[in-house]
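Fold and contact review
One-letter residues, chain by chain:
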Amino acid sequence: TADGTTFNRVMLKISGEALMGDQGFGLHPPTVERIAREVKTVHDMGVEICMVIGGGNIFRGLQGSAQGMERTTADYMGMLATVMNALAMQSALEGLKIHTRVISAITMNEVAEPYIRRRAVRHLEKKRVCIFAAGTGNPYFTTDTAATLRANEMACEAIFKGTKVDGVYDKDPVKHADAKRYETVTFDEVLQKHLGVMDASAIALARDNNLPIIVFSLDEPGGFKGILAGKGTYTRVEG
Ligand code: UDP
């Protein structure tokens, strides 16, 4: 495109926690709006955008089951949490005049479209942002796996994982001043060294389909657009 990106279609994965701002829980609308503006800058470049948003700011299945809840029920609650986040993001994007569809892996026709692959592809071709909600629709999975699955199905060229730090480090950069950031790292290294980019099933699914994961910071204003144009610091997971 004119803005210098080689990407035509991408997946943006963000955690639910990215939407809670400085609060300890839930949704912080100004933060949702800020991320929506990041998405808009990339949308304005003509890039087709898929999104998956986690649910950890509201509910995580593992937490529920640790407190005695039946695991699959707790996981369904986590999936429903992702739908709330998706709707909040849709509202913010529509506030910026970006056509957006929430597509749910669990049918709830009054709230979101059901997932039909060809229909989703069509939305992307029409430059509508597609937010894939309710994870994979299955318990025992995460939204990282959902992002990888949908990115493969939609033929995205890469997954952009927006986090609090600007890449993948050999140890937690928040706790260790001497932590080193990788420019690139292989999927196998991520798995062997437990680098915590995404969970192991998501990493394996990306590896087996040659889908690169680009880890970058969502806290830098204009970060998403810059990364797509190859600027700024990030880690590319591939190979
Ligand atoms: N979840 C699930 N299947 C999926 C995706 C998510 O069961 O395919 C549930 C799971 O309980 C998870 C919760 O939804 O803990 C929220 O998703 P996740 O933890 O991935 O959110 P994030 O950490 O990215 O905010």
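Keep in mind the model is a prediction, meaning the values are calculated, not measured.

Lining the immediate environment of the ligand, one finds 24 residues, of which G54, G56, G61, G78 and G135 sit closest. Elements supplying a minimum of two residues to the shell around the ligand: α2 (61-66), α3 (71-95) and α5 (143-153). Per-element accounting of the shell around the ligand gives the leading share, 5 residues, to α3. Residues of the shell around the ligand, tallied by class, amount to 6 nonpolar, 14 polar and 4 charged.

Time to look at the UniProt feature "binding site: UMP" (unreviewed entry) in the protein. Residues annotated in UniProt with the feature "binding site: UMP" (unreviewed entry) correspond here to G55, D75, T136, G137, N138, P139, Y140, F141, T142 and T143. For the annotated residues, spread through 89 residues, the largest C-alpha to C-alpha distance comes to 14.2 Å, consistent with a single compact locus. Mapped onto the secondary structure, G137 falls in the loop between β5 (129-133) and α5. For G137, the residues in contact, after removing those within four places along its chain, are A105 and I106. Following the sequence through the fold, N138 ends up in the loop between β5 and α5.

On to the packing of α5 against helix α7 (residues 200-208). Where α5 meets α7, the closest approach of the two axes is 8 Å, and the angle between their N-to-C directions is 15°. By the criterion of interaxial angle, the relationship of α5 to α7 is roughly parallel. Relative to α7, the crossing made by α5 is left-handed. From α5, D144, T145, T148 and L149 reach across to α7, where they touch S201, A202, L205 and A206. In the contact of α5 with α7, the residues fall into 4 nonpolar, 3 polar and 1 charged.

Criteria and thresholds
Residues numbered from 1 in each chain as written. Predicted model: local features only at pLDDT ≥ 70, side-chain atom pairs only at ≥ 80, totals over all residues. Near = placed C-beta within 6 Å. Helix = DSSP H or I, 4+ residues; strand = E, 2+ residues; numbered from the N terminus. Nonpolar A, V, L, I, M, F, W, Y, C, P; charged D, E, K, R; others polar. UniProt positions renumbered as here; feature names shortened; annotations may be inferred. Contact = placed C-beta atoms within 7 Å. Axes fitted to C-alpha atoms, helices over the stretch in contact; angles between N-to-C directions. Parallel < 35°, antiparallel > 145°, perpendicular 65-115°, else oblique. Left-handed = near helix turned anticlockwise from the far one by under 90°.

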